[in-house]
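Each chain, letter by letter, is given below.
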Amino acid sequence: MTKERQAEPSATRPNIIYIMSDDHAIRALSAYNSDIAHLAPTPNIDRIAQNGARFDQSFVTNSLCGPSRAAMLTGKFGHKNGFNHNGQLFDGYQPTWPRLLKAHGYTTACIGKWHINLTPEGIDFDHWEVLNDQGEYYNPDFITAQGVKREHGYTTELITQKSLRWLEEQQQSDQPFALLLHHKAPHRNWMPAPQHMRAFENTIFPVPDNYFDTYEGRAAAAMQTMTIYRDAQEGHDLKMTKGVGETEWREDIWPFLLARLTPEQRQAWDEAYQERNDWFNAYEANMTAEEIAIWKYQRYLQDYLATIKSVDESVGEVLDYLEANGLADNTIVVYTSDQGFYMGEHGWFDKRFMYEESFRAPLLIQYPNRIKPGTVVDHLVQNIDYAPTFLEYAGLDVPADIQGESMVPLLDGESPADWRQSLYYHFYEYPAMHDVTRHYGTRDSRYKLMHFYYDIDEWEFYDIEEDPTEMNNAINVPRYQQEIARLKAEISKLEAKYDVPPREEWVNLPLEYEPAPT
Ligand code: SGN
Ligand code: CA
């Protein structure tokens, strides 16, 4: 299908700016018209959807940072690219789309969060400046070819400035460029920029109906430790202080993050939170557990969404730069996140599960020379599809072992008859933080089947149309038995299609295993 399509003539090869934030939920992006779109709009990111395409059924292969990045770079699942969990080391010698583009005359750069435990030097970028591991929200360390530099400022803004500077330098060159602009925000621990710290302090966000989920019929969901009102750290995550008039946080698992703030930044921080924290500290003893849980939800959303305001501004600056310099028409701009995230659904923060909120990721793409404004794509796509898409747009052959499909026909408004009808997912990082057990499964346009394994053996099935919040595990419901049998067979087919190793090779494997040979 897509592989035989006409290659792009090299004279018009487009530039690519791939913007990926970290943990940005679809619900927190107003282009997707969620229940909070009017309360916390993202007008700049939304411009990409208006100028180009919005994908409504976009998913990841494994809802975690490192594995998502590896899938995006290689167009392959973790069992092929050797990166299944955050503890692994990415094998930089394998083909990646930036490496292939560079070999064919593109100038390439990676700026921001990297997080696959190898510096981008290993995959041969012309320029790279990346955060150290998870990175910090304030005064971050950047790893560069010249060593580690600590910079002063707010990380989202620093990443934007560095990116604009690099784009400016490309003006001298005739070569097309590819920039991977990777934000840390809105990743935990959700520390907003000074000008946005109070942005949502008076906003009351709607509380999800299943915030107080009790997980009946869902053993894995009951085991997790990512519940806002039970597992979020009161200091580190929720910025709660020790008492009225105090500025010191309650427990803080990573004290060096707050310690990085300069005295001026710290003063702005304390001032922005003082009144709210004093109010809470004065009333806490009179509040019910439920009221405190809801207060924590509001605090979490206020900070999470405030960090997204800086990401939105960053996207606006990049789009403005392209427009002002006549680059917009021939530049592909992508906005996505390494995975989705929970914003209180099931009571949670974090990701990992194959439930919709973390399995789905936002995906917006503009390319005015080619994509019609306002395009909406409903086909099932996955982050392994990005690499072949960029390769096709750049006029390169897609290597035969890439497992994703080029999305170019979808972006052209076509509806290929042989497009995939189901997705394969596999989460491996367990035992680990947040206690989400290992699972794999499939989803088609309506149904989802998952198998949780390792120290449990539980199947879950959902009719997403009838039960969009996945509260009722219908695995034993008689009228679904035919669908369940069909999806079990579908999993076997997908395992064969994607060459997943035999179950006995991974089912009890410790996390420390070496990257698979590629
Ligand atoms: C950190 C976070 C976790 C998160 C992992 C992985 N805790 O460890 O909540 O699940 O990163 O996130 S924190 O308190 O240390 O921030 S990922 O996006 O990098 O995969
Ligand atoms: Ca992430």
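Since the model is a prediction, treat every value here as computed from it, not as a measurement.

Criteria and thresholds
- Residues numbered from 1 in each chain as written.
- Chains lettered and ligands numbered in written order.
- Predicted model: local features only at pLDDT ≥ 70, side-chain atom pairs only at ≥ 80, totals over all residues.
- Heavy atoms only, no water.
- Helix = DSSP H or I, 4+ residues; strand = E, 2+ residues; numbered from the N terminus.
- Buried < 20%, exposed > 50% of the residue type's maximum accessible area, 1.4 Å probe, protein only.
- Polar contact = N/O pair within 3.5 Å; in protein donor to acceptor, adjacent residues only side chain to side chain.
- Contact = heavy atoms within 4.5 Å.
- Pairing = 2+ DSSP bridges.
- Axes fitted to C-alpha atoms, helices over the stretch in contact; angles between N-to-C directions.
- Expected span 1.5 Å × (residues − 1).
- Bend = angle between axes of the 7 residues up to and from the residue.
- 1 Å grid on protein atoms, 1.4 Å probe; cavity = no way out; pocket = protein on both sides within 12 Å on 5 of 7 lines; lining within 4 Å.
- Points joined across faces, edges and corners; volume = space filled by probe spheres on them.
- Nonpolar A, V, L, I, M, F, W, Y, C, P; charged D, E, K, R; others polar.
- Near = heavy atom within 4 Å.
- Areas by Shrake-Rupley, 256 points an atom, 1.4 Å probe, with all protein chains shown as cover.
- Salt bridge = Lys/Arg side-chain N within 4 Å of Asp/Glu carboxyl O.

Participant: Go over the side chain of Glu345 with me, naming the residues and quoting the values.
Facilitator: With respect to the secondary-structure elements, Glu345 resides in the loop between strand E9 (331–337) and helix H11 (356–359). Owing to a relative accessible area of 8%, Glu345 belongs among the buried residues under this scheme. Of note is the side chain of Glu345, whose polar atom sits 3.5 Å from the side chain of Arg27. Not counting residues up to four positions away in its chain, the partners in contact with Glu345 are Arg27, Pro208, Asn210 and Glu357.

Participant: Explain the side chain of Arg260 to me, and be specific about the residues and the numbers.
Facilitator: With respect to the element layout, Arg260 can be found in the loop between helix H8 (255–259) and helix H9 (263–283). You can call Arg260 buried: its relative accessible area is 10%. Arg260 has contacts with Glu136, Tyr138, Asn139, Pro140, Asp141, Arg150 and Gln265, leaving out every residue within four places of it along the chain.

Participant: Requested: an account of the sheet that holds strand E6 (residues 141–144), with residues and values cited.
Facilitator: With mixed pairing, 10 strands are arranged side by side in an open sheet as E7-E6-E5-E4-E8-E1-E9-E10-E2-E11. In the strand order of this sheet, the two ends are held by strand E7 (147–150) and strand E11 (375–377), each with one partner. Adjacent strand axes in the sheet meet at a mean angle of 15°, parallel and antiparallel pairs treated alike. Across 6 bridges, strand E4 (residues 107–112) lies against strand E8 (residues 177–182) in parallel orientation. Looking at the pairing, Ala109 lines up with Leu179 of E8. Across the sheet, helix H10 (residues 289–324) touches strand E1 (15–21), E8, E9 and strand E10 (363–366), and the angle it forms with E9 is around 175°.

Participant: Can you break down H9 residue by residue, with the values?
Facilitator: An ideal rise of 1.5 Å per residue puts 30 Å on 21 residues; H9 measures up with 29 Å between its terminal C-alpha atoms. Along its length, H9 reaches its greatest deviation from straightness, about 45°, at Gln274. Every buried residue of H9 is accounted for by Gln265, Trp269, Asp270, Ala272, Tyr273, Arg276, Asn277, Asp278, Phe280 and Asn281. Where H9 is buried, its residues contact H8 and H10.

Participant: Describe the layout of surface pockets, listing the residues and the values that go with them.
Facilitator: Space inside the largest pocket adds up to approximately 550 Å³. Together, 19 residues line the largest pocket, and Ile26, Arg27, Glu345, Glu357 and Arg360 are the ones closest to its centre. For the lining of the largest pocket, the per-class residue count stands at 8 nonpolar, 4 polar and 7 charged.

Participant: Residue-level account of the site of ligand 1, with values.
Facilitator: In the vicinity of ligand 1 there are 20 residues, among which Cys65, Asp350, Lys351, Arg352 and His434 approach most closely. A distance of 2.8 Å is found between an oxygen atom of ligand 1 and a side-chain nitrogen or oxygen belonging to Arg352. In the model, an oxygen atom of ligand 1 is placed 2.7 Å from a nitrogen or oxygen of the His434 side chain. In the complex, 95% of the free accessible area of ligand 1, which totals 450 Å², lies under the protein chains.

Participant: So what's going on with the pattern of salt bridges? Residues and values would help.
Facilitator: Counted by the stated rule, this structure contains 47 salt bridges. Lys242 serves as the salt-bridge partner of Glu248, at 3.0 Å between the closest nitrogen and oxygen. A relative accessible area of 47% places Glu248 in the partly exposed class. By sharing partners, the salt bridges in this structure join Asp23, Asp350, Lys351, Arg352 and Glu429 into a single network.

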